[in-house]
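# Fold and contact review
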Amino acid sequence: MKVNATSLAGVQLLENFVSQDKRGTFVKTFHLGAFQEHGLAVDFRESYYSISHKNVIRGMHFQLPPHEHDKLVYVTQGAILDVVVDLRSGSPTYLQHLAVSLDEHNQAIYIPRGCAHGFLALSNTATVVYNVTSVYEPKADAGVRWDSIGFKWPVQNPIVSDRDATFKSLNDFHLTSCL
Ligand SMILES: Cc1cn([C@H]2C[C@H](O)[C@@H](COP(=O)(O)OP(=O)(O)O[C@H]3O[C@H](C)C(=O)[C@H](O)[C@H]3O)O2)c(=O)[nH]c1=O
């Protein structure tokens, strides 16, 4: 497993171990030693996945303190454009965003607490797995609007949940809160 830094502080791109043979593909998505060696969290408390139709945007989500969490995200079917926004007021990349394509083959993204996460489904369906280091707390389940982060999403009329469409903008969040 290779761990590569990105343009956002603490956000890492992971190249997973992949073995392919005549039966298909095997992908290792977690290795305790590799994670510890790179200072990544290993105490995941919940794991879940979503299946999205093409042109769905989910996000930009984060958990508020004290329920904030580190997140390990990868794709097991299809392809997405994964987007992260740095909401940590003390971070050198505060308010900056990152967009990276992830597909079912080998990459994963590690997102530290204090960042908002979202993605656009690029394939007809996209299955995305999330592993997080906190137990879900509905009262701490927050977000900023996907179209307020200064990123030009490559989609017209995306499918967005009512909740995601009514989050406050990144600027309003920046002016009223901090992580
Ligand atoms: C995370 C979670 C959600 N829920 C409930 C809340 C909603 O009624 C329903 C779907 O949740 P939500 O609309 O937040 O799901 P997504 O929009 O796919 O959010 C996910 O995708 C974006 C990109 C992320 O980064 C979030 O971490 C991840 O939760 O499940 C629970 O009951 N337990 C849970 O742990």
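This text follows the structure it describes.
Residues numbered from 1 in each chain as written. Predicted model: local features only at pLDDT ≥ 70, side-chain atom pairs only at ≥ 80, totals over all residues. Heavy atoms only, no water.

## Topic: the site of the ligand
Near the ligand, the surroundings consist of Glu46, Tyr48, Arg58, His61, Lys71, His117, Gly118, Phe119, Tyr130, Tyr136 and Arg163. With respect to the ligand, the side chain of Glu46 contributes an N or O atom lying 3.5 Å from an oxygen atom. With respect to the ligand, the side chain of His61 contributes an N or O atom lying 3.1 Å from an oxygen atom. Protein contacts shield 65% of the accessible area of the ligand, which totals 650 Å² for the unbound molecule. Here the ligand occupies the largest pocket. Elements with a contribution of two residues or more to the shell around the ligand: strand S5 (46-53), strand S6 (57-63) and strand S11 (115-121). In terms of residue count, S11 provides more of the shell around the ligand than any other element does, three residues in total. Taken together, the residues of the shell around the ligand break down into four nonpolar, three polar and four charged. (Near = heavy atom within 4 Å. Polar contact = N/O pair within 3.5 Å; in protein donor to acceptor, adjacent residues only side chain to side chain. Areas by Shrake-Rupley, 256 points an atom, 1.4 Å probe, with all protein chains shown as cover. 1 Å grid on protein atoms, 1.4 Å probe; cavity = no way out; pocket = protein on both sides within 12 Å on 5 of 7 lines; lining within 4 Å. Sits in = over half its atoms within 2 Å of the grid points. Helix = DSSP H or I, 4+ residues; strand = E, 2+ residues; numbered from the N terminus. Nonpolar A, V, L, I, M, F, W, Y, C, P; charged D, E, K, R; others polar.)

## Considerations on the sheet that holds S6
If you walk across this open sheet you meet the five strands as S9-S8-S11-S6-S13, and the pairing is antiparallel. On the outer flanks of this sheet lie strand S9 (97-103) and strand S13 (141-143), each paired with one strand and no other. If you compare each strand with its neighbour and ignore which way they point, the axes differ by 30 degrees on average. Summarising the sheet, strand S8 (residues 79-86) and S9 pair through seven bridges and their orientation is antiparallel. Paired with Val85 across the strands is His97, a residue of S9. (Pairing = 2+ DSSP bridges. Axes fitted to C-alpha atoms, helices over the stretch in contact; angles between N-to-C directions.)

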